[in-house]
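# Secondary and tertiary structure notes
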Amino acid sequence: MGRSPLLPLVIFVVCGLFDGVLGLVARAPQGVIAGEWFALLPVLALWLVFGGLLWAGYALLWWLCFARDRRQALRARLAETTPSLWRERRSYESRRVSANVLAALSSLALFVSASVYAAANLIENRHGSMLIASAIVGAQLVIAGGCVLWALIVRRVLLGAFQLVVQRLRMPTLVSAPMVLGVILTVVAVVIAIAVRRHAETLVAIDASAIALSAGALLGLVVAHAVAAPARPLPLFLVALGVLALLWFGLQSPVARSFASNQTLVAKYVLAELRDASDFDKDGTPWFPGGEDCAPFDARRHPFALEKSRNGIDENCDGVDDFARELVAPSRHTKPMRTIAPQPNLVLITIDATRADHMGFMGYKRRPTTPHLDALANKSSIFTAAFSQDSGTGPSLWSLMTGRTPFQVKLSSAKRFPFVISPDETLLAEALRRGGYQTSAILCGSVFAKPHWNIRRGFTQYAEVCGKEVNKVSALTATEAIHSLQKLRADRPFFFWVHLLAPHHPYRDHAELNFGSKPIDRYDEEIHAADAAIGRILKAVGDLPSARPTYIAITADHGENFNEHGSAQHARTLYREVTHVPLVIAGPEVKARKVTAPVASSDLYPTFLELAGLTIPERSTMESQFNVLFGAPADKSRLVFQENSFSRPRRHVKAVVSDRRHLLFDTSNHVLEMYDWRNDPQERVNLYGNGEAEEHRLRQALLLFLTTTTLPPELKK
């Protein structure tokens, strides 16, 4: 059988199919969107582009490093090594090779494990992609040096041990090459598996799957290039033309473009690089693959430029030299319908990673997840269209505590996560404390223990209570919260904040519930446990000896993803499943009803200030729901803005929610999506490009929103 000159490309075809099919498999539980099967073609083309460049670079390096006769000799040696070792598997040469391989693979296992550990600590304690990347490279150089020393020591010890076994114990069969290599691979696999298991979330954060697949492709290329026949120019040229044509036409489909950008492991990086390379005028809008930049050599003009009315230049290429700024209503802090005297107690309970559609009072019928919250909801205002401003705990909560979207907030430092909030911002606890309130926070989650995160400003008591506890965190948080509540003075109003970690991943089993063994079953069990803790806290609040009215708000920092869009649980996108959150507000004379108009979870900032009779800072861009609580009609024209900048690879996404539509704008990849979030709650059918009037209105609103938000320099790359 002859050797194929295109064998290396076969490796990349296989890897490309694996990358695309893996993305489709991740979508399978929710159903593959029409057109996503077609996306396999451009994904395959992206892999062939990646493979072609890698192959060309490797072939050039091979050519430069080895003269022709040395290349031929090396090929012959590689081809004969394995059969030779098998024939002479009990010889000294076999033992020497076994010792070399064992030393190398044990060193590899040590390198991988130590690198994962170093990356985990850097990601947890530092932020900024350049800082993390440079620190990881430095750490790996040190680790590599240690691993080389380790390999030399292991090799010397093994050669001595093999010699002892053969000469003294007369057991040569124990050191035959196949047996030793089998043991080596097993041990290495176990060590790496342990490292992966212990740092699974870190590996997701650094996109380790993409790294592993790329490394596998490179290894396959090395082997294939060593045994393949020399490639001829004409077939390669024809293959290149076919790949480019497939890439161009395949990526004309918005569904295929979105799939390649978001659902793949490696192809998304290749596409991002190609798009960046096609941004000829460096205005942030690429020309490839769909001609998005209507003026590719004029940085003043692109579809996402802010139009300057009647200046003779159509900046956003919509054919009109005008911009309807009135389409975006400013934040309205309306005069309260009433005053509340004496100043009321305010209780805020936030639940981590909680989807609105898994709450009983929101219509979840599969199982009784929230009996205590359902009872509270019967006498509360339920905001059925509440959306968080981000899908991660940090930005969502600093948004809630400042009354602005995450990057409207002025951040004085973004070198490590979570970011330091500028002294110029007035946090909710600070405003309430100045207004005469006692302020206390009982929180569960390691992020709250970070000493540099000054979200604690304004709290007289601030405690992260879970520490290293991993079981029954909801019950523990409730117990600590009740103890703290009982210490509050009855003669002064209080603001009391509790954050429950459950049902955050990993989802723990609650055997007494027996909802099932799948992740989503355990997730519901965790919600039930959080609900039980909330029931205890609500009872303790009701038992307090206070004559003051008490208002209670319960919401979530974000939702949770179960393969609706990618595999990450949250903090990577802005789709409905990770930003549609429960919001319930209860208190004296609060209208018991369902409010269906869109609101922001961070509306709690101005709402709590108005309940307390305090002035809302002008910097706040959220809208108080004070009047709505007491029966005023909700604003159905309200637009809720969102932003996220924590995906891997780094991708910045902005979004706006209206009464029926959800427009998402991936500003890094210039992918626009619009969904009917009410009738298509899983956001499967992209309506963008259908020419709806609402599409134009939301797009204009989002462009204006972009002018109000600024990313820290550490996040831009």
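Note that the coordinates shown come from a computational prediction; the quantities given were computed from them, not determined experimentally.

### A short note on the overall build of the chain
A tally of regular secondary structure across the chain gives 20 helices and 16 strands. Looking at the chain as a whole, 51% of its 717 residues are labelled buried. For the chain, the exposed surface amounts to about 32100 Å²; the carbon and sulfur share of it is 62%.

### Considering a nonpolar patch on the surface
Together, Leu218, Leu219, Val222 and Val223 make up a nonpolar patch on the protein surface, roughly 330 Å² of accessible area in all. Structurally, Leu218 is set in helix H8 (residues 208-227).

### Regarding helix H20 (residues 693-706)
The end-to-end C-alpha distance of H20 is 20 Å, a good match for the 20 Å that 14 residues give at a rise of 1.5 Å each. Looking at the buried residues of H20, the elements they touch are strand S13 (640-644), strand S14 (653-657), strand S15 (661-666) and strand S16 (671-676).

### Observations concerning the packing of helix H10 (residues 254-262) against helix H11 (residues 267-277)
Each pair of packed helices gets described by two things: the angle between the helix axes and the distance between those axes. In the contact formed by H10 and H11, the axes pass within 6 Å of each other and the chain directions differ by 110°. When the axes of H10 and H11 are compared, the pair comes out roughly perpendicular. Taking contact as the criterion, the partners of Arg257, Ala260 and Ser261 in H10 are, on H11, Ala267, Lys268, Leu271 and Arg275. Across the contact of H10 with H11, the residue classes break down as three nonpolar, one polar and three charged.

### Some details on helix H13 (residues 393-400)
Burial analysis of H13 places eight of its eight residues in the buried class, the great majority of the element. Residues of H13 that are buried: Thr393, Gly394, Pro395, Ser396, Leu397, Trp398, Ser399 and Leu400. Buried positions along H13 lie against strand S1 (345-351), strand S4 (411-413), strand S5 (420-421), strand S8 (494-500), strand S9 (550-556) and helix H18 (604-611).

### With respect to the pattern of salt bridges
Close approach of charged atoms allows side chains with opposite charge to pair. Under the criterion given, the structure shown has 22 salt bridges. Across the pair Glu643 and Lys654 runs a salt bridge whose closest N-O atoms are separated by 2.6 Å. Here Lys654 lies in strand S14 and Glu643 lies in strand S13, a separation of eleven residues in the sequence. The residues Glu643 and Lys654 share a single accessibility class, namely buried. Overlapping salt bridges, with partners in common, bring together Arg355, Asp357, Glu564 and Arg576 in one network.

### Considering the confidence of the model for the chain
In this model, the chain carries a mean pLDDT of 82, and residues with pLDDT of at least 70 account for 80%. Note that residues 83-90 has pLDDT below 50 and, in this model, 13 contacts with residues that lie over four places away or in other chains. Segment residues 326-330 is flagged for pLDDT under 50; beyond a separation of four residues in sequence, or across chains, it makes seven contacts in the model.

### Examining the environment of His670
You can see His670 is positioned in the loop between S15 and S16. Each C-alpha atom, one on His670 and one on Pro286, is 7.7 Å from the other, the two residues being 384 residues apart in sequence. Look past the residues within four positions of His670 in its chain and what remains in contact with it is Arg275, Gly284, Thr285, Pro286, Glu292, Phe304 and Phe665.

### A few points about the nonpolar core
Core analysis: the biggest nonpolar cluster contains 54 residues, and Leu346, Leu348, Phe383, Phe495, Trp497 and Phe608 have the highest contact counts within it. The dominant element in this core, judged by the number of residues it contributes, is H18, at five residues. Setting aside residues up to four positions removed in sequence, Phe495 forms contacts with Leu346, Leu348, Leu428, Ala429, Leu432, Tyr437, Gln438, Thr439, Ser440, Phe459 and Phe608. Among the nonpolar cores identified, the runner-up in size contains 35 residues, and Leu376, Tyr507, Ile527 and Val541 belong to it.

### Some details on the sheet that holds S13
Whenever strands of a sheet pair, they do so through backbone hydrogen bonds, lying parallel or antiparallel. Within the open sheet, the four strands sit side by side as S13-S14-S15-S16. Their pairing is antiparallel. Lying at the two open borders of the sheet, with one neighbouring strand each, are S13 and S16. The sheet shows a mean angle of 15° between the axes of neighbouring strands, taken without regard to direction. Pairing of S15 with S16, which is carried by six bridges, proceeds in the antiparallel orientation. Within S16, the residue paired with Leu663 across the bridge is Met674. Its contacts with the sheet place H20 against S13, S14, S15 and S16, and it is angled at close to 50° to S15.

### Points about the sheet that holds strand S6 (residues 438-443)
The strand order across the open sheet built from eight strands is S7-S6-S8-S1-S9-S10-S2-S11, with neighbouring strands paired in mixed fashion. Each edge of the open sheet carries a strand with a single partner, namely strand S7 (461-464) and strand S11 (593-595). The sheet shows a mean angle of 10° between the axes of neighbouring strands, direction not considered. Note: S9 against strand S10 (residues 583-586), four bridges, orientation antiparallel. Within S10, the residue paired with Ile554 across the bridge is Val584. Relative to the sheet, helix H16 (residues 519-542) contacts S1, S8 and S9, its axis offset from that of S1 by approximately 175°.

### Some remarks on the state of the cysteines
In this structure the tally under the stated criterion is one disulfide. Covalently, Cys444 is tied to Cys466 through a disulfide, its sulfur atoms 1.9 Å apart. Disulfide Cys444-Cys466: torsion about the S-S bond near -115°, hence left-handed. Here the residue Cys444 occupies a position in the loop between S6 and S7, and Cys466 occupies one in the loop between S7 and helix H15 (473-486), the gap between them amounting to 22 residues. Using a relative accessible area of 0% as the deciding quantity, one classes Cys444 as buried. The class of Cys466 is buried, set by a relative accessible area of 5%.

Rules and cut-offs
- Residues numbered from 1 in each chain as written.
- Predicted model: local features only at pLDDT ≥ 70, side-chain atom pairs only at ≥ 80, totals over all residues.
- Heavy atoms only, no water.
- Helix = DSSP H or I, 4+ residues; strand = E, 2+ residues; numbered from the N terminus.
- Buried < 20%, exposed > 50% of the residue type's maximum accessible area, 1.4 Å probe, protein only.
- Areas by Shrake-Rupley, 256 points an atom, 1.4 Å probe, with all protein chains shown as cover.
- Patch = residues over 30% accessible without salt bridge, like charges linked within 9 Å, V, L, I, M, F, W, Y side chains within 5 Å.
- Salt bridge = Lys/Arg side-chain N within 4 Å of Asp/Glu carboxyl O.
- Expected span 1.5 Å × (residues − 1).
- Contact = heavy atoms within 4.5 Å.
- Axes fitted to C-alpha atoms, helices over the stretch in contact; angles between N-to-C directions.
- Parallel < 35°, antiparallel > 145°, perpendicular 65-115°, else oblique.
- Nonpolar A, V, L, I, M, F, W, Y, C, P; charged D, E, K, R; others polar.
- pLDDT = per-residue confidence, 0-100.
- Core = buried A, V, L, I, M, F, W, Y, C linked by side-chain atoms within 4.5 Å.
- Pairing = 2+ DSSP bridges.
- Disulfide = S-S within 2.5 Å.

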